Each structure stands twice: as structure tokens, then as C-alpha cells.
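# Residue-level structure breakdown
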Amino acid sequence: AFSDVYVAVLFDANDSIIGLIVDASGETPDKGQQCMSRDYTDKYIGVTSGKDVDVVSGASFTSWAIQDSVDYALANLAAVKGAA
């Protein structure tokens, strides 16, 4: 099933990713919902691109949504910091 995937990217004072909160509860339980697990979201800690983390087997679309969200958050942070 396809649904909205919500992602919050958490940064520390040095602009490093310290965690992700993912709501993929509308996704298929044995597929896309795997992307909400701490085992998966912790892989994003410290990365500089969402593409640095591999997709979850069988949950490519959900994984890509998370990767894109991370990249968007990183770009947004850079834009906000540049405007300061």
C-alpha cells in the first residue's frame, strides 16, 4: 500500500543528524513499516546525504521517501543557516 510517509530529521548544534522520527504507519506492515524501526532510522545518524543509507529490501518506495526527506531537510538547514 502507498501512503504518506512523515519524517522528522533531528540535528545537533553542529548541524549533524542525531536521529530520525519516521511515521510510515500507513505502509504495508511487513514491508514499508520496517522503515520506522530504530535499527533503520539510526543508520541516518551522522550522514551527509539520504543516499548514504541503503534502501530496505521490499520497501524501496518508503526508503526513497525517507532518503529524499533527509536530503530536503539538509538543504533546508543549509538555506536557513545561509540566510542568518
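A brief look at the structure comes next. (Residues numbered from 1 in each chain as written. Predicted model: local features only at pLDDT ≥ 70, side-chain atom pairs only at ≥ 80, totals over all residues. Heavy atoms only, no water.)

## Let's talk about the overall build of the chain
Within the chain one finds two helices and two strands. Reading the secondary structure of the chain in the N-to-C direction produces β-β-α-α. Its C-alpha atoms give the chain a radius of gyration of 13 Å, near enough to 12 Å, the size a compact globule of 84 residues would have. In terms of its C-alpha atoms, the chain occupies a principal-axis envelope of roughly 40 × 20 × 15 Å. When each of the 84 residues of the chain is scored for burial, the buried share is 30%. Partitioning the contacts of the chain with sequence separation of at least 6, the portion at a separation of at least 24 is 40%. Placing the 5 positive and 12 negative side-chain charges of the chain at their respective mean positions leaves the two points 3 Å apart. (Helix = DSSP H or I, 4+ residues; strand = E, 2+ residues; numbered from the N terminus. Rg over C-alpha atoms; globule rule 2.2 N^0.38 Å. Buried < 20%, exposed > 50% of the residue type's maximum accessible area, 1.4 Å probe, protein only. Contact = heavy atoms within 4.5 Å. Lys, Arg positive; Asp, Glu negative; His and termini not counted. Charge placed at Lys NZ, Arg CZ, Asp CG, Glu CD.)

## Here's the deal with the pattern of salt bridges
Close approach of charged atoms lets side chains of opposite charge pair. What the rule picks out here adds up to four salt bridges. Between Asp-42 and Arg-38 there is a salt bridge, with the nearest N and O atoms lying 3.2 Å from each other. According to the relative accessible area criterion, Asp-42 is partly exposed, its value standing at 32%. (Salt bridge = Lys/Arg side-chain N within 4 Å of Asp/Glu carboxyl O.)

## Let's talk about the nonpolar core
Soluble globular proteins tend to pack their nonpolar side chains together in the buried interior. Core analysis: the largest hydrophobic core is formed by 16 residues, its most contacted members being Ile-17, Leu-20, Tyr-40, Tyr-44, Ile-66 and Val-70. Listing elements by their share of this core, those giving two or more residues are strand E2 (17–23) and helix H2 (60–83). At four residues, H2 tops the list of elements feeding residues into this core. Aside from chain neighbours lying at most four places away, what touches Tyr-44 is Ile-17, Leu-20, Gly-50, Val-53, Ser-63, Ile-66, Gln-67 and Val-70. (Core = buried A, V, L, I, M, F, W, Y, C linked by side-chain atoms within 4.5 Å.)

## What about a nonpolar patch on the surface?
Judged by side-chain polarity, Phe-2, Val-55, Phe-61 and Trp-64 come together as a nonpolar surface patch covering roughly 460 Å² of accessible area. Within the element layout of this structure, Val-55 appears in the loop between helix H1 (38–41) and H2. Overall, Val-55 belongs to the partly exposed group, its relative accessible area being 34%. (Patch = residues over 30% accessible without salt bridge, like charges linked within 9 Å, V, L, I, M, F, W, Y side chains within 5 Å. Areas by Shrake-Rupley, 256 points an atom, 1.4 Å probe, with all protein chains shown as cover.)

## Observations concerning the pairing of strand E1 (residues 6–11)
Here E1 pairs with E2 via six bridges, running antiparallel. If you follow Tyr-6 over to E2, its bridge partner there is Asp-23. Turn length for the E1-E2 hairpin, with the two strands adjacent in sequence and antiparallel, is five residues, and the turn residue Asp-15 shows positive phi of about 70°. (Pairing = 2+ DSSP bridges.)

## Regarding the environment of Tyr-40
Tracing the chain through its elements places Tyr-40 in helix H1. Along the sequence, Tyr-40 and Val-53 sit 13 residues apart, while their C-alpha atoms lie 8.9 Å from each other. If sequence neighbours within four positions are ignored, Tyr-40 has contacts with Gln-34, Cys-35, Val-53, Asp-54, Val-55, Val-56, Ser-63 and Ile-66.

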